[in-house]
Each structure stands twice: as structure tokens, then as C-alpha cells.
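# Close look at the chain arrangement
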Amino acid sequence: MANKKIKITLVKSLIGSTEKQRRIAKALGFTKKDQTVEHENSAVIMGMVNAIPHLLKVAE
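Residues numbered from 1 in each chain as written. Predicted model: local features only at pLDDT ≥ 70, side-chain atom pairs only at ≥ 80, totals over all residues. Heavy atoms only, no water.

## Side note on the nonpolar core
Nonpolar side chains tend toward joint burial in soluble globular proteins. Counting residues in each nonpolar core, the largest one holds 15 residues, and the members touching the most others are Ile 8, Leu 28, Phe 30, Ile 45, Ile 52 and Leu 56. When contributions to this core are tallied by element, the ones reaching two or more residues are strand E1 (5–10), helix H1 (19–28) and helix H2 (43–51). Not counting residues up to four positions away in its chain, the partners in contact with Ile 52 are Gln 21, Ile 24, Ala 25 and Leu 28. (Core = buried A, V, L, I, M, F, W, Y, C linked by side-chain atoms within 4.5 Å. Buried < 20%, exposed > 50% of the residue type's maximum accessible area, 1.4 Å probe, protein only. Helix = DSSP H or I, 4+ residues; strand = E, 2+ residues; numbered from the N terminus. Contact = heavy atoms within 4.5 Å.)

Rendered as C-alpha cells:
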């Protein structure tokens, strides 16, 4: 079974967010608002997404 790719978009600015949230966004590959990155759908990535769901939009 192949892992599916998911597209993650940073929809809110990181201004005012905590340092931990900024580090998670950077680890996902975000450098600016409205940027979209693509990752394999894995438990590690989904854990990071679930840590900052108010900043992201996820599409299959």
C-alpha cells in the first residue's frame, strides 16, 4: 500500500504564535504565509499538523 500525498497550506501568519508552533511550521517546510507543501501521509506528519491545526489547511 503506497502512502498518499497530502497538501498542507499555511493559511495564517506565524506572528503571535508560540516558538514551538513556529518550529513545527518550519519543520513542515513553511517559510511564508499561503505557501503550500506536499508530504507523505504519515503519523509523524499528521502529529505535526494536529499540533497547529488553527494555522493550516490540509487537502488529500
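## Brief notes about the pattern of salt bridges
Close approach of charged atoms lets side chains of opposite charge pair. Enumeration according to the criterion identifies two salt bridges in this entry. Among the salt bridges present, the one from Lys 5 reaches Glu 40, with a minimum N-O distance of 3.4 Å. Here Glu 40 lies in strand E2 (residues 36–40) and Lys 5 lies in strand E1, a separation of 35 residues in the sequence. Residue Lys 5 is classed as partly exposed on the basis of its relative accessible area, which comes to 42%. Since its relative accessible area comes to 33%, Glu 40 is described here as partly exposed. (Salt bridge = Lys/Arg side-chain N within 4 Å of Asp/Glu carboxyl O.)

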